[in-house]
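# Topology and contacts: notes
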Amino acid sequence: MIYELIRKLAMYAEKTGLILKEDKVYVINRLLELFDLEDYPEQVSDSEPLELEQILASMLDYAYEQGLLKENGIVYRDLFDTKIMGILTPAPSVIAKRFWEQYQESPRNATDEYYEFCQNTDYIRRYRISKDIKWITNTSYGDIDITINLSKPEKDPKAIAAAKLMKQSGYPKCLLCAENVGYAGRIDHPARQNHRVIPITINQQAWGLQYSPYVYYNEHCIVFNMEHTPMQIDKAAFRKLLDFVKQFPHYFVGSNADLPIVGGSILSHDHFQGGNYEFAMAKAKVERTFTVKGYEEVEAGVVQWPMSVLRLRCKEDSRLVELADHILRTWRSYTDEDACVYAFTDQEPHNTITPIARKKGDHYELDLVLRNNLTTEEHPLGLYHPHAELHHIKKENIGLIEVMGLAVLPARLKEEMELLGNYLLEGKDIRSHELLEKHADWVEEFLPDYSNISRENIDDILKEEIGKVFCQVLEHAGVYKRTPQGQEAFDHFIATLS
């Protein structure tokens, strides 16, 4: 069976362009070495074709049976199947050369082929991404994307226990570092033998382009500094964002904020996220405009969005950089006690910006989302963060992706919503179940709105109500609330820009 699997994998690699016909014998011999085999039969049975997932799963089963795989949990299986795929993956220089050749035809050609390549190498695991639960909720702000993320595997208990006993390694320094390319991985760090990065230059600095292995939206890419240097939102960041969309005009790109609570999960490594997708925030209209003295050629306005967003538009990207820097520096030091906006407490900074850049026609756009990470006794996780009553759905930081209108919700909700649906249909007491108790107040609030709950509509009802909660999450994260008083305070800040 293993010989048949090796043959099928080599055929898959040739069919998808990972290897050429001339590479086939070499690849088969590398696979024989990996599986501790010394020969290869002249005739290998030719049964029905298998999908990549089936080929790899069968290879992993064989490796475990033969003692080549220490444990059979998902962490160990992922380490081994990435090692397999690494054998099929061309060298980084080959991929970079091909990318820039395609770029000469068009940037879209280059990214299309590179994206397909990342899926063919199984760096992006299509079969896991397809398990994510996704839907759209219509709101007053537009169609909001909701996803329950199931593509990130949860570690099994044996792997967790083994990781605790391991000597801590500082290589690579983080999951974004360029040193991940080709890395074999370990129990506490994913294998990346099948990972390839495209070297790019933005703002005269060496950066890298790659795709996220978890693909929260179409062509979800990560743009990162080749040096391990902390996140920083400043004038140079705006310049880099606009440099990127100038080179890849079919992509948007944005940055997480550079402070805890309102920032992303990796603040230690300067990076952006982008892709070929239009989020609800990008579609949202400007509800009122303003002009900043000295920047009259830049169109500026407030976006109709639950968070506090300024949109800047101009044909000259350099003018956007200058105005964005002016707004950032003003916001960094801005305090309005009546609006509960404090730039500093005990010399700790609170104000920052989540910026997003895109190109529309011959105009460049920058959306600047005002952020503040102040904590209070009542809201110890953040005043402008989902409040406690929403934590049953979303407790994690509101980063760039959520800011733009895509809820990335925890995997636990899949089981909890299935269970909750059954409890509602059977009339059981929600508060009596340990997993469901936290949802009880929420259910009691929305249940009277539905006169008929059935097996046919319960899933749609729960999805709709989760979408409404996420809208509240964004409203909580907004510094200036969508009230007359909140918008008046917002306008007061805008007035200080001129």
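Residues numbered from 1 in each chain as written. Predicted model: local features only at pLDDT ≥ 70, side-chain atom pairs only at ≥ 80, totals over all residues. Heavy atoms only, no water.

### Re the overall build of the protein chain
When you go through the protein chain residue by residue, the secondary structure sums to 16 helices and 15 strands. Relative to the 2.2 N^0.38 estimate, which gives 23 Å for 498 residues, the radius of gyration of the protein chain is 25 Å and therefore close to what a compact globule would have. Across its three principal directions, the C-alpha atoms of the protein chain cover 80 × 60 × 45 Å. By the burial criterion, 54% of the 498 residues in the protein chain qualify as buried. The contacts in the protein chain between residues at least 6 apart in sequence include a share of 64% that link residues at least 24 apart. Summed over all atoms, the accessible surface of the protein chain reaches about 23,100 Å², with 49% contributed by carbon and sulfur. (Helix = DSSP H or I, 4+ residues; strand = E, 2+ residues; numbered from the N terminus. Rg over C-alpha atoms; globule rule 2.2 N^0.38 Å. Buried < 20%, exposed > 50% of the residue type's maximum accessible area, 1.4 Å probe, protein only. Contact = heavy atoms within 4.5 Å. Areas by Shrake-Rupley, 256 points an atom, 1.4 Å probe, with all protein chains shown as cover.)

### Some remarks on unusual backbone geometry
For the bond running from Tyr 171 to Pro 172, omega is -20 degrees, close enough to zero to count as cis. Along the polypeptide, Pro 172 turns up in the loop between helix H8 (157–165) and strand E3 (198–202). Phi is positive for Asp 122, close to 70 degrees, though the residue is something other than glycine. Along the polypeptide, Asp 122 turns up in the loop between helix H6 (107–120) and helix H7 (126–129). Phi is positive for Glu 219, close to 55 degrees, though the residue is something other than glycine. Mapped onto the elements of the fold, Glu 219 is located in the loop between strand E4 (205–211) and strand E5 (221–225).

### Topic: the environment of Gln 54
For Gln 54, the position within the fold is in helix H3 (residues 52–65). Residue classification places Gln 54 among the partly exposed positions, given a relative accessible area of 40%. With 379 residues separating them along the chain, Gln 54 and His 433 place their C-alpha atoms 38 Å apart.

### Details of helix H4 (residues 74–88)
Helix length check: H4 (15 residues) gives 21 Å between terminal C-alpha atoms against 21 Å at 1.5 Å per residue, within 8%. Judged by how many residues are buried, H4 sits mostly within the fold: 13 of 15 residues are covered. (Expected span 1.5 Å × (residues − 1).)

### Observations concerning the sheet that holds strand E2 (residues 142–148)
Spatially, E1-E2-E15 is the arrangement adopted by the three strands of the open sheet, whose pairing is mixed. Among the strands making up the open sheet, the edge pair consists of strand E1 (133–139) and strand E15 (406–409). For this sheet the average axis-to-axis angle between neighbouring strands, irrespective of direction, equals 20 degrees. With four bridges connecting them, E2 and E15 associate as parallel partners. Directly across from Ile 146, in E15, lies its bridge partner Ala 407. Strands in contact with helix H15 (residues 458–477) are E1, E2 and E15; relative to E1, the strand with the most contacts, it is inclined by about 65 degrees. (Pairing = 2+ DSSP bridges. Axes fitted to C-alpha atoms, helices over the stretch in contact; angles between N-to-C directions.)

### Comments concerning the nonpolar core
Core analysis: the biggest nonpolar cluster contains 98 residues, and Phe 35 and Phe 244 have the highest contact counts within it. Looking at this core element by element, the count peaks at eight residues for H4. Residue contacts for Phe 244: discarding those within four places in its chain leaves Ile 200, Ile 202, Leu 209, Cys 221, Val 223, Tyr 251, Phe 252 and Val 253. Within the second largest apolar cluster, 50 residues are counted, among which are Ile 356, Met 404, Leu 406 and Leu 474. (Core = buried A, V, L, I, M, F, W, Y, C linked by side-chain atoms within 4.5 Å.)

### Overview of the environment of Ile 129
Position of Ile 129 among the secondary structure elements: in helix H7. Accessibility expressed as a relative area gives 15% for Ile 129, which makes it buried.

### Let's talk about the pattern of salt bridges
This model, assessed by the stated rule, comprises 40 salt bridges. Put simply, Glu 101 and Lys 97 hold a salt bridge, and the shortest N to O gap is 2.7 Å. Here Glu 101 pairs with Lys 97, and both are found in helix H5 (residues 92–105), just four residues apart, close to one helical turn. Here Glu 101 falls in the partly exposed class, since its relative accessible area comes to 37%. If you follow the salt bridges from partner to partner, you end up with Glu 299, Arg 311, Arg 313, Arg 358, Glu 365 and Asp 367 in one network. (Salt bridge = Lys/Arg side-chain N within 4 Å of Asp/Glu carboxyl O.)

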